Amino acid sequence: MDITGKLLLFCGPSGSGKTTLVHHLLKIHPRLKFSVSATTRPMRETEKNGVDYHFLSVDEFKKKIEANEFVEWEEVYKDRFYGTLKSEIEKIWMNNGIAVFDVDVEGGLKMKKIFGDRLLSVFVMPPSVDELHNRLRTRNSETAASFEARIAKSEHELTYAFRFDQVIKNDQLEDALADAERIMEKFLYNS
Ligand code: 5GP
């Protein structure tokens with residue numbers, strides 16, 4: 001079956017566990033390739049430039065906006081720009097890959113509008129707001145200010161779930177991983 005050109009997109013609040021689900025799918029399906037976004041936020045200790053993100057200055061990011069290099073971009077937090085580069089998708093397609101995206105809800109809805117049925121949008125739901133707060137609290141990458149901003153954004157993002165093609169509740173990780181696999185297989189092979 002020809003699955004070329006299909007796209008898989010994951011959204012969900014910071015702390016919902018979507019990155020864990022995405023990494024799992026990338027590991028088990030060799031044709032899935034992560035679309036590395038551009039961002040102006042500082043790199044975390046565990047991250048690598050060009051692997052997790054293309055880390056840019058605000059000036060560099062704005063130049064790319066002007067040059068029309070993004071499929072979509074958002075100022076997710078103040079002065080923290082994030083965007084999906086056209087060049088990433090082109091590179092993945094040239095290598096026969098299925099592009100996988102991890103974006104915020106606004107970016108996700110924009111991408112769905114652009115790509116329609118070629119793209120499956122998946123929303124990852126944390127078990128509860130309390131649990132989401134706990135997960136964000138235990139992430140030591142956050143400063144107090146960014147922690148508050150992430151909580152506010154996360155609660156807002158939860159109200160978008162119904163606008164996605166599929167919702168995965170990340171209550172028990174094993175179940176959520178199995179759901180993600182099943183949803184991916186069905187989308188790619190209609191099985
Ligand atoms: P983080 O700083 O935790 O890596 O990401 C913050 C938020 O930005 C997450 O919701 C993440 O999905 C989102 N994000 C990452 N890349 C992109 C992108 O290319 N476009 C948009 N719109 N959001 C992104």
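Look above for the structure.
Structural notes, computed from the coordinates. Per-chain numbering applies: the sequence of each chain, read as written, is numbered from 1 onward. Local features in this predicted model are restricted to residues whose pLDDT is 70 or higher, and side-chain atom pairs enter the listing and the counts only when it is 80 or higher, whereas totals over whole chains, interfaces and linings include all residues. By convention in this description, side-chain values take in all heavy atoms of the structure and omit both hydrogens and water.

**Some words on the site of the ligand**
Part 1: Put simply, a residue is near a molecule or strand once any heavy atom of it comes within 4 Å of that molecule or strand. Surveying the vicinity of the ligand reveals 15 residues, the closest of which are Ser-37, Arg-41, Tyr-53, Tyr-82 and Asp-102.
Part 2: As used in this structure description, the phrase polar contact means that two N or O atoms lie within 3.5 Å; if the pair is within protein, one of them must be able to donate a hydrogen and the other to accept it, and residues adjacent in sequence are counted only when both atoms belong to side chains. Side-chain polar atom of Arg-44 to an oxygen atom of the ligand: 3.2 Å apart, as the coordinates give it.
Part 3: Looking at the shell around the ligand, the elements with two or more residues in it are strand 5 (70-77) and strand 6 (80-85).
Part 4: For the shell around the ligand, the element with the most residues is strand 6, which contributes three residues.
Part 5: Grouping the constituent residues of the shell around the ligand by class yields three nonpolar, four polar and eight charged. Numbered from the N terminus, helices here are DSSP runs of H or I no shorter than four residues, and strands are runs of E no shorter than two. In this classification, the charged set is Asp, Glu, Lys and Arg, the nonpolar set is Ala, Val, Leu, Ile, Met, Phe, Trp, Tyr, Cys and Pro, and all remaining amino acids, among them Gly, are polar.

**A few points about the sheet that holds strand 4 (residues 54-55)**
Part 1: The strand order across the open sheet formed by four strands is 4-3-6-5, and the pairing between neighbours is mixed. Either end of the sheet is taken by a strand with one partner, and the two such strands are strand 4 and strand 5.
Part 2: Examined bridge by bridge, strand 3 (residues 38-39) and strand 4 share two bridges and lie parallel to one another. Bridge pairing in strand 4 links Ala-38 to His-54.
Part 3: Should any heavy atoms of two residues lie within 4.5 Å, those residues are counted as being in contact. In this analysis an axis means a line fitted to C-alpha atoms, helices contributing only their contacting stretch, and an angle means the value between N-to-C directions, from 0 to 180 degrees. Running at roughly 40° to strand 6, helix 2 (residues 58-66) makes contact with strand 3, strand 5 and strand 6 of the sheet.
Part 4: Strands in contact with helix 4 (residues 105-115) are strand 5 and strand 6; relative to strand 5, the strand with the most contacts, it is inclined by about 165°. By the convention used here, strands pair only if DSSP detects at least 2 bridges between them.

**Regarding the nonpolar core**
The nonpolar side chains of a soluble globular protein tend to be buried with one another.
Part 1: Among buried residues, the Ala, Val, Leu, Ile, Met, Phe, Trp, Tyr and Cys ones that are joined through side-chain atoms within 4.5 Å form a nonpolar core. Burial here depends on accessible area, computed with a 1.4 Å probe over protein chains only, as a share of the maximum for the residue type. Under 20% is buried, over 50% is exposed, and the range in between is partly exposed. Counting residues in each nonpolar core, the largest one holds 20 residues, and the members touching the most others are Leu-8, Phe-10, Leu-32, Ile-168 and Leu-188.
Part 2: Elements with a contribution of two residues or more to this core: strand 1 (7-11), helix 1 (18-28), strand 7 (98-102), strand 8 (119-125) and helix 7 (173-189).
Part 3: The dominant element in this core, judged by the number of residues it contributes, is helix 7, at seven residues.
Part 4: Leu-9, Ile-89, Leu-119 and Tyr-160 belong to the second-largest nonpolar core, a separate cluster that totals 19 residues.

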